[in-house]
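# Observations on chain architecture
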Amino acid sequence: MMKISCFLLLFIFPFSCIQAEDGSKLWLRYVPVSKEIAQSRSITVAAENPIAVRAQQELITFWRGQSIDLKLDKKLPYLKDGFKITGHSERIKVVANEPVGLLYAAYHLLKLQETDQQVSSLKVEEIPSFDIRMLNHWDNLDRTVERGYAGYSLWKWDELPGVISPRYEEYARANASIGINATVINNVNASPQILNTAYLAKLQGLATVFRRYGIKIYLSVNFSSPKILGGTSDSDPLNPEVILWWKNKVKEIYQVIPDFGGFLVKANSEGQPGPQDYGRTHAEGANMLAAILKPYQGFVMWRAFVYNPTTEDRAKQAYQEFVPLDGAFSDNVIIQIKNGPIDFQPREPFNPLFGALRKSNEMVEFQITQEYLGFSNHLVYLAPLFKETLASDTYADGAGSTVARLTDGTLRPARKTAIAAVANIGDNINWTGHHFAQANWYAYGRLAWNHQLSSEQIAEEWIAMTFSKDKSIIDAVKEIMMTSREAAVNYMMPLGLHHIFAFDHHYGPEPWGDQKGGRPDWMPLYYHQADTIGVGFDRTASGSNAISQYSPEVANIYGDIKLCHDQFLLWFHHVPWTYTMKSGRSLWDELCYKYDHGVMQVRDMQKTWDRLEGQVDQQRFVEVQSKLKIQAKDAVWWKDACLLYFQTFSRRPIPYDIERPVHELEDLKRIKLDMKHHN
Ligand code: GCV
C-alpha cells in the first residue's frame, strides 16, 4: 500500500517521497531497533557507572547486530579515554579504561553500522590524539552569540536551573558521539557576572547534564572579576586580597561542580582587562589562577591572541609577547594559540608561536563558526583548513615537527594535551544555521579525536550518517565539500591576501576599507598594501621581517619569492603586478583567474547539488539550494569588488576570456550591511 501511494505520488510530486528533515537530528539519525532484534541478543555492561550504562542504553536502543559485552578495565591506562573492540559474528567485546571510553565505543559501533561497514570481525583500538577536546562558545549572558550565525545561545539563563531544556542533553550527546569532552560555555569577552553565585547554580544544572556524557564545563573569566564582583581595590594578580577572592570563588565553583575543568582567559587583548593593567606579565596572571585551580586538578587556558595598534606588524605581536615568557608558565597552564598569526582567515600560514614556545604547554584554537567564511550562508567544509594547520611542519625540533605532533604530546610531553575550537552552535532548529555547517562541528570533533583521519574520510562518514548511504550521493556531496574551502579562498582572498573584509561584521568584501577613526590594523589597506607597483604585505627582511619568527627551514621557503607557495605569496611578499607567477601568468592575470575560478567552483557546487534533487529529502535539499544561491551571488560580489578595486592600482585589463564584472565599483562601495556584531 505504502509503495503504491508513493509510486503515485512520484507522478504528482516527483520529489516528495523522502521524508522531510529539519536537520535537528544532526548525524545521529539512528532508528530504534525492533523488539525482535532487541530480544535476539544481549548487551551487557560490567561497570556500575551512569556513563557506562548510557553506553549500554544507546546500543540496546539502536544496535542491530550481535551481542555486545562492555567492560571497564582500570588496568589499561594507556588507552586514556579510548577503547578496544574485538569481536566476531556472535559477540563483540568492548573494554575501556574510563567509563566514557565505553560510551565512545558505543558511538563508534553505531557509526560502523550507520556507514555500512562490516562488524562481523572487529579489531579496533582507538586512543584519542588530544586529552582535552574542547569547544569554546562565544555566548553572552543576554543569549546573543559573538560571531554566532545560528540564532541565539542554547543556554537559557532565565530558565536555568529550574528548567533543563532537552536540547542540553541533545547537545551533550552529539558532542560525546564525536569525542568532545570539554566545553567553555561563555564568551572569552567574558562578563564577570558568570561567576556570580546565581549563575553558578545555573551552571550546575548544565554540568549535571553534560557529566552524563563525559563533558566537563570550563568558564571564560574576566580578569577584573575580583574588583567588579568582589569589590577588591584592584584585580592585580599579586594582590593578596585579589588572590583570596579567586581562592574563595574557585572553592565555591568546585562545591557546586566537583569536576569543573578550569578557566579560559582572554587578557590584555582587544580591550579586555589583564595582568598588564598592573604591570604584571601574562605568566604572573596565568600562574596565579593556575595555582588556585591546581589542588582541584583544574587548568588554565591562557590565550595568546594579543595585539596592540602599534606600528609593529600585527602578525608578529603574539610571538613578541609570549616567547620571552617561555618557561615561566605553570604546568597546568596551556597557551591557547589561534591556528594562524592574524585571525581565522580563509587561509593563513601556521602561527609561528607553535614550536617557538619550547617550555610551555601549547594548544591550537580553531574557529568553526564562519566569521570570515560567509557566516552560515556559505558552504565551506573546514576539515581541510584544520588539517592544513595540524600538518604544517614548524621544523622546531627538526623535520616532522608538525603543529599536531607539537601539541598532541608526541614531541613535547605535557600533563594534559588539548585542542579547542570556537563553536558554531545556536538555538536554530538545525543547530548551525546551514546544514553543512554541522559537518564542521563533526569534523572538528573527529580530528580532535584522531588528527590523522583524512578530510575525505570524515566527509564520507558524515554524509552517510547525515544524508544517505548511497555511494553516488556520498561521492557527489563529498565533491562539493572537498571543493568548498578552496573555492572560498579563491573567491575571497586568493594567493595569500587576507583580512580584506567589510569592517566589523566581516561579511563581504571591502578591500577599500578605511573606516574613519578605526584602528589601522583592522583595515584592509593595512593588510593588502596595494599600490601602482604591486600588492601584498612584505613580511620578509626588507619589510616587517615577521618571517624571522619561523624556523630557518620555513623562513627560507616563505621568505623567498621564488620558493614561496602561491597560496602564501601575498601574505609574505609585496609583489609587482607584472611579476611572472609559476603558472607563467602575470600576478594580475593570476589574481583574476583565481577569483573567476572561485566563482566557477561555486557554480559547480550548485550544479552537483541540484542533481541530487529527489535523492535527499526535499526540505534540506531546498534549504541548501537556497544558501548556495546566496553563496554564488556573494562569490561574484567578492570577485567584482576585489578585481575592480585592485584594477585601480594595476591598471591592467581583466583577461578577456573570463566572466566580465556585473557590478560597478562605486555601487559596491556603497553597500553597508546592517549586521550586528554582538559584543
Ligand atoms: C571574541 C576576533 C573576533 C572577535 C573575537 C576575537 C577573539 O577579533 O572578531 O569577535 O572576540 O577575535 O578571538 O578574541
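The name an unreviewed UniProt entry assigns to the chain is Alpha-glucuronidase, from the organism Sphingobacterium kitahiroshimense.

The sheet built from five strands is open, its strands ordered 1-2-4-3-5 with mixed pairing. Edge positions in the sheet fall to strand 1 (43–46) and strand 5 (122–126), since each has one partner strand and no second. The average angle at which neighbouring strand axes cross in this sheet is 10°, direction not considered. Direction of pairing for strand 3 (residues 83–87) relative to strand 4 (residues 91–96): antiparallel, over a ladder of five bridges. Bridge pairing in strand 4 links Phe83 to Ala96. Along the sheet, helix 3 (residues 50–62) contacts strand 1 and strand 2 (67–72); its crossing angle with strand 1, the most-contacted strand, is approximately 175°.

Take the pairing of strand 4 next. Taken residue by residue, a regular strand's side chains alternate between the two faces of the sheet. Taken together, the six bridges between strand 2 and strand 4 define a ladder with parallel strand orientation. Bridge assignment links Lys71 to a residue of strand 4, and that residue is Val95. Linking strand 3 back to strand 4 in an antiparallel pair, the connection comprises three residues.

A separate point is unusual backbone geometry. Looking along the chain, the bond that leaves Leu160 and enters Pro161 is cis, with omega of -5°. The topology assignment puts Pro161 in the loop between strand 6 (132–136) and helix 5 (166–177). Located in the positive-phi region is Leu26, a residue other than glycine, with phi close to 55°. Inspection of the secondary structure puts Leu26 in the loop between helix 1 (2–12) and helix 2 (35–40). Owing to a relative accessible area of 3%, Leu26 belongs among the buried residues under this scheme. If you check the backbone angles, Glu270 has positive phi at about 45° while not being a glycine. Looking at Glu270, the relative accessible area reads 31%, which means it is partly exposed.

Turning our eyes to something else, we now look at the environment of Leu325. Turning to its location among the elements, Leu325 is positioned in the loop between helix 10 (314–322) and strand 11 (333–338). According to the relative accessible area criterion, Leu325 is buried, its value standing at 14%. Along the primary structure Leu325 and Asp234 are separated by 91 residues, whereas in three dimensions their C-alpha atoms are 24 Å apart.

Below, the discussion takes up the environment of Pro511. Counting through the fold element by element, Pro511 comes out in the loop between helix 16 (471–492) and helix 17 (524–528). For Pro511, a relative accessible area of 0% corresponds to the buried category. Separated by 229 residues in the primary sequence, Pro511 and His282 place their C-alpha atoms 34 Å from one another. In contact with Pro511, not counting residues within four places along its chain, are Ile500, Pro524, Leu525, His528, Ala641, Cys642, Tyr645 and Phe646.

With that settled, consider the packing of helix 8 (residues 240–256) against helix 9 (residues 282–293). In contact at an axis separation of 9 Å, helix 8 and helix 9 are set at 45° when each is read in the N-to-C sense. With respect to helix 9, the element helix 8 is oriented oblique. The element helix 8 and its partner helix 9 pack so that their crossing is right-handed. Residues Ile243, Trp246, Lys247, Val250 and Tyr254 of helix 8 touch helix 9, and the partners they reach there are Met288, Leu289, Ile292 and Leu293. Class assignment of the residues belonging to the contact of helix 8 with helix 9 gives a composition of eight nonpolar, no polar and one charged.

So, about the domain arrangement of the chain. Under the domain assignment used here, the chain contains domain 1 (26–126), domain 2 (132–466) and domain 3 (489–537 + 574–669). Listed per partner, the contact involves 20 residues of domain 1 and 26 residues of domain 2. The junction of domain 1 with domain 2 conceals about 2100 Å² of combined surface from both sides, 59% of it contributed by carbon and sulfur atoms. Viewed at the interface, domain 2 and domain 1 are joined by three salt bridges. Close ionic contact of Glu169 with Arg54 constitutes a salt bridge, the shortest N to O distance being 3.3 Å. Summed over the shared surface of domain 1 and domain 2, the number is nine residue pairs in polar contact (both at pLDDT 80 or more). Of all the secondary-structure elements, those providing two or more residues to the side of domain 1 that touches domain 2 are helix 3 and helix 4 (99–114). Top element by residues in the side of domain 1 that touches domain 2 is helix 4. It accounts for six residues. Here the side of domain 1 that touches domain 2 is composed, by residue class, of eleven nonpolar, two polar and seven charged.

Basis of the calculations
Residues numbered from 1 in each chain as written. Predicted model: local features only at pLDDT ≥ 70, side-chain atom pairs only at ≥ 80, totals over all residues. Heavy atoms only, no water. Pairing = 2+ DSSP bridges. Helix = DSSP H or I, 4+ residues; strand = E, 2+ residues; numbered from the N terminus. Axes fitted to C-alpha atoms, helices over the stretch in contact; angles between N-to-C directions. Contact = heavy atoms within 4.5 Å. Buried < 20%, exposed > 50% of the residue type's maximum accessible area, 1.4 Å probe, protein only. Parallel < 35°, antiparallel > 145°, perpendicular 65-115°, else oblique. Left-handed = near helix turned anticlockwise from the far one by under 90°. Nonpolar A, V, L, I, M, F, W, Y, C, P; charged D, E, K, R; others polar. Domains from an automatic or database assignment. Buried area = accessible area lost by both parts, 1.4 Å probe. Salt bridge = Lys/Arg side-chain N within 4 Å of Asp/Glu carboxyl O. Polar contact = N/O pair within 3.5 Å; in protein donor to acceptor, adjacent residues only side chain to side chain.

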